[in-house]
Amino acid sequence: MDTKAPRPRTRIQTEKRELILEAALEVFSAHGFRGSTIDQIADAAGMSKPNLLYYFRRKEEIHETLMQRLLDTWLAPLKELDDIGDPLTELRSYIRRKLEMARDFPRESRLFANEILQGAPRIKPMLEGELKSLVDEKAEVIKGWMRAGKIAKTDPWHLIFSIWATTQHYADFDVQVRAVLGADRGSDGRFEDAARFLEQLFLDGLRPRPDRQG
C-alpha cells in the first residue's frame, strides 16, 4: 500500500483555501448551513464554482473545517485557566477573554449558535469529545479551588455555562444590545462596561464567605 504523505500545499493553494473559508464564514454566519450553497460561497469568494470545488469537494467539508477552527479558538481561553493561579484572577481573565472574542469574532459566534440551534448535527462528536473533556477537566480545577476554600461552593459546570451565555450574548445579540443601549452607550465602550458588570456579578458571588462554606 502506498503510504506517501500528501504533498504540502503551495502558497497559492493556501491563500485560495483561506479566501474560500473567509467567504464561507460570511455566508454560513448569515444564512446558516442549510440556507447556504456552494454557489453563494463561490460568489462571495470571487471565484467560479469549479475552482472552489478543486479546493473543497463538498459544502460539508468547508463547514467542518470552519467549525474545527472555531472550536479551537473558542476553547483557547478555557484551556488557559490555570489551577495554580489565583482563582478570582483566573476567572476575571477568562471572562474578559470571552468578551474580547464576542467583540472580535461575532460571525464565528453566530455560526456556532446556528449550528447548536439546529441540534449540532455536524459537530456533536466535537461537543461530546473534545469540548466535554476540557470542560470536565476545568470543572475539576474549579472544584479544587472550592475545596481549598478559595472560592464559594457552586456548580462548576453551570458556572462555565453561565460565563458562556453572558459573554456570547454580546456577539449573538449585538444588534439588540446596541439598539437598547442607544447611541451614547452602544459604542465600543459597551464591551468594557459589560466586562466590569460581569466581573462584579461573577466574582462577588464567588468570593468565599464563612457562612457559605461547609
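Since we're looking at a predicted model, the values are computed, not measured.

### Considerations on the overall build of the chain
In terms of helices and strands, the chain carries 10 helices and zero strands. When the elements of the chain are put in sequence order from the N terminus, they spell out α-α-α-α-α-α-α-α-α-α. If one aligns the C-alpha atoms of the chain with their principal axes, the spans along those axes are about 65 × 55 × 30 Å. Burial status across the chain gives 40% buried among its 214 residues. Of the contacts formed within the chain by residues at least 6 apart in sequence, a portion of 68% connects residues at least 24 apart. Accessible surface for the chain amounts to roughly 12400 Å². Of this, 52% is attributable to carbon and sulfur atoms. When the 35 positive and 35 negative side-chain charges of the chain are each reduced to one mean point, those points stand 2 Å apart.

### Focus: helix α6 (residues 106–117)
The end-to-end C-alpha distance of α6 is 16 Å, a good match for the 16 Å that 12 residues give at a rise of 1.5 Å each. Along α6, the residues classified as buried are Arg107, Glu108, Ser109, Leu111, Phe112 and Glu115.

### As for the UniProt feature "DNA-binding region" (unreviewed entry) in the chain
Sequence positions flagged by UniProt for "DNA-binding region" (unreviewed entry) are, in local numbering, residues 37–56. A helix fraction of 75% and a strand fraction of 0% characterise residues 37–56, whose end C-alpha atoms lie 13 Å from each other.

### Describing the packing of aromatic side chains
Any aromatic ring pair is given by two values, namely how distant the centres are and how the planes are angled relative to each other. With the rule as written, the count across this model stands at three aromatic pairs. For the pair Phe28 and Phe33, a centre-to-centre distance of 6.0 Å together with 20 degrees between the ring planes defines the contact as stacked. Both residues of the pair, Phe28 and Phe33, belong to the buried class. Arranged with centres 5.7 Å apart and planes meeting at 50 degrees, the rings of Phe161 and Trp164 form a pair that is tilted. In this pair, Phe161 and Trp164 both sit in helix α8 (residues 156–172), three residues apart, roughly one turn of the helix. Taking NZ or CZ as reference, Lys59 lies 4.2 Å from the ring centre of Phe33, over its face. When the ring centre of Phe33 is taken as origin, the NZ or CZ atom of Arg122, which lies over that ring, is 3.9 Å away.

### Focus: the domain arrangement of the chain
Each assigned domain of the chain is listed here: domain 1 (8–57) and domain 2 (64–204). If you average the C-alpha positions of domain 1 and of domain 2, the two centres end up 28 Å apart. Listed by partner, the interface residues are 12 residues for domain 1 and 10 residues for domain 2. Broken down residue by residue, the surface that domain 1 buries against domain 2 is led by Leu21, Leu25 and Ser29, which jointly contribute 46%. For the pair domain 1 and domain 2, the number of links is three salt bridges. At the boundary of domain 1 with domain 2, the tally comes to three residue pairs in polar contact (both at pLDDT 80 or more). The residue inventory of the side of domain 1 that touches domain 2, partitioned by class, reads six nonpolar, two polar and four charged.

### Let's talk about the nonpolar core
With 60 residues, the main nonpolar core has Ile41 and Ile62 as its most contacted residues. Of the residues forming this core, the biggest block, nine residues, is contributed by helix α7 (residues 124–147). Counting contributing residues per domain, this core is built from domain 1 (8–57) and domain 2 (64–204), each supplying no fewer than three. Contact partners of Ile62, with chain neighbours within four places excluded, come to Ile20, Leu21, Ala24, Phe28, Ile38, Ile41, Leu52 and Phe56.

So, how was this worked out
- Residues numbered from 1 in each chain as written.
- Predicted model: local features only at pLDDT ≥ 70, side-chain atom pairs only at ≥ 80, totals over all residues.
- Heavy atoms only, no water.
- Helix = DSSP H or I, 4+ residues; strand = E, 2+ residues; numbered from the N terminus.
- Buried < 20%, exposed > 50% of the residue type's maximum accessible area, 1.4 Å probe, protein only.
- Contact = heavy atoms within 4.5 Å.
- Areas by Shrake-Rupley, 256 points an atom, 1.4 Å probe, with all protein chains shown as cover.
- Lys, Arg positive; Asp, Glu negative; His and termini not counted.
- Charge placed at Lys NZ, Arg CZ, Asp CG, Glu CD.
- Expected span 1.5 Å × (residues − 1).
- UniProt positions renumbered as here; feature names shortened; annotations may be inferred.
- Phe/Tyr/Trp six-rings, centres within 6.5 Å; stacked < 30°, edge-to-face > 60°.
- Lys NZ or Arg CZ within 6 Å of the ring centre and 35° of its normal.
- Domains from an automatic or database assignment.
- Buried area = accessible area lost by both parts, 1.4 Å probe.
- Salt bridge = Lys/Arg side-chain N within 4 Å of Asp/Glu carboxyl O.
- Polar contact = N/O pair within 3.5 Å; in protein donor to acceptor, adjacent residues only side chain to side chain.
- Nonpolar A, V, L, I, M, F, W, Y, C, P; charged D, E, K, R; others polar.
- Core = buried A, V, L, I, M, F, W, Y, C linked by side-chain atoms within 4.5 Å.

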